[in-house]
Amino acid sequence: MIEILNTDELARARAAGALVGDILHALKARAVVGVNLLDLDRQARRMIEDAGAESCYVDYAPSFGRGPFGHYVCTAVNDAVLHGMPHDYRLADGDLLTLDLAVTLRGVSADAALSFVIGATPAPEDLAMIAATERALAAGIAAARPGARIGDLSHAIGSVLSAAGYPINLEFGGHGIGSTMHQDPHVANDGRPGRGYKLRPGLLLALEPWVMADTDELRTDADGWTLRSATGCRTAHSEHTIAITADGAEILTLLTP
Ligand code: MF3
Ligand code: CO
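These lines cover the structure that appears in this document, whether it is placed above or below.

So, how was this worked out
- Residues numbered from 1 in each chain as written.
- Chains lettered and ligands numbered in written order.
- Predicted model: local features only at pLDDT ≥ 70, side-chain atom pairs only at ≥ 80, totals over all residues.
- Heavy atoms only, no water.
- Helix = DSSP H or I, 4+ residues; strand = E, 2+ residues; numbered from the N terminus.
- Expected span 1.5 Å × (residues − 1).
- Contact = heavy atoms within 4.5 Å.
- Buried < 20%, exposed > 50% of the residue type's maximum accessible area, 1.4 Å probe, protein only.
- Polar contact = N/O pair within 3.5 Å; in protein donor to acceptor, adjacent residues only side chain to side chain.
- Near = heavy atom within 4 Å.
- Areas by Shrake-Rupley, 256 points an atom, 1.4 Å probe, with all protein chains shown as cover.
- Nonpolar A, V, L, I, M, F, W, Y, C, P; charged D, E, K, R; others polar.

Next up on the list: helix α4 (residues 150–163). The end-to-end C-alpha distance of α4 is 20 Å, a good match for the 20 Å that 14 residues give at a rise of 1.5 Å each. Packed against the buried residues of α4 are α3 (124–143), β7 (183–187), β8 (204–207) and β9 (210–212). Backbone geometry just downstream of α4 places Gly165 in the positive-phi region, at approximately 95°.

This paragraph deals with helix α1 (residues 7–30). Across its 24 residues, α1 extends 35 Å between first and last C-alpha, which sits within 8% of the 34 Å expected from 1.5 Å per residue. Taken as a whole, α1 has its buried residues at Leu10, Arg12, Ala13, Ala16, Gly17, Leu19, Val20, Gly21, Ile23, Leu24 and Leu27. Summarising the contacts, the buried residues of α1 are in contact with α2 (37–50), β4 (96–105), β5 (108–117), β8 and β13 (240–245). Taking the backbone nitrogen of Asp8 as reference, a side-chain oxygen 3.1 Å away marks Asn6 as the first, capping residue of α1.

Around ligand 1 sit Tyr57, Tyr60, Phe69, Cys74, His83, Asp100, Asp111, His175, His182, Glu208, Trp225 and Glu239, and that is every residue in its neighbourhood. Take Tyr57: an N or O atom from its side chain is 2.6 Å from a nitrogen atom of ligand 1. Here His175 contributes a side-chain N or O atom positioned 3.4 Å from an oxygen atom of ligand 1. For ligand 1, the accessible surface in isolation is 340 Å², of which the surrounding protein chains cover 96%. Considered class by class, the residues forming the shell around ligand 1 number five nonpolar, three polar and four charged.

Structure representation (structure tokens):
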């Protein structure tokens with residue numbers, strides 16, 4: 001189902017997005033050498049509960065996972081890219097970490113992710129890969145306006161990722177979002193312009209380009225959730241929730257400084 005939000009729901013979507021941005025900002029600040037992924041998960045839980053919000057992940061049990069997820073934030077390190085399950089692991093210098101968080105606040109959900117490198121000496125190829133997903137996200141957002149079609153966004157995202165030299169896996173991508181985290185329409189990370197659902201004001205979308213450095217093949221961990229690159233190569237993921245408005249797209253999940 002595709003949901004179109006009214007003015008009141010849009011105000012609540014802004015609040016949910018701001019909360020996701022706040023929590024991701026706080027988790028990023030805390031993610032330094034020696035910090036355990038389970039500490040990040042505990043802080044996410046605390047901040048979600050203090051805000052009177054609900055986690056979209058803790059009870060999430062889709063057909064592909066060994067659900068319920070049972071945690072509050074996805075923490076994907078190095079070759080892990082999607083659905084990274086927090087576990088007893090201390091971050092090390094040079095680790096490439098992806099945090100992905102979705103919450104529901106007063107009936108509306110928001111979802112965002114970012115990748116960054118732990119420590120002061122990031123590998124240039126890691127930074128380049130992260131930057132490519134961020135540019136792809138920006139291109140998708142720039143293409144998102146009333147009258148544009150989902151294929152225009154997919155094409156904008158995929159063109160940036162391909163030009164940067166990364167293979168694209170189409171098994172997981174962006175999605176509509178609203179009263180729940182995952183709604184129609186699906187937003188593939190590559191596609192043909194001019195195809196698909198026509199965007200309207202009030203539509204909420206989560207756009208989420210992600211790549212693996214040298215493969216488009218995923219492997220699932222023994223935990224039944226964490227998805228890694230089949231080759232062990234490093235990975236990156238950038239996601240925002242946006243609202244389609246009469247003037248274009250509004251980013252709801254900006255990291256608040
Ligand atoms: N936030 C992810 C997405 O964008 C979903 C993660 S679900 C989890 O679709 F259960 F793995 F946390
Ligand atoms: Co998402």
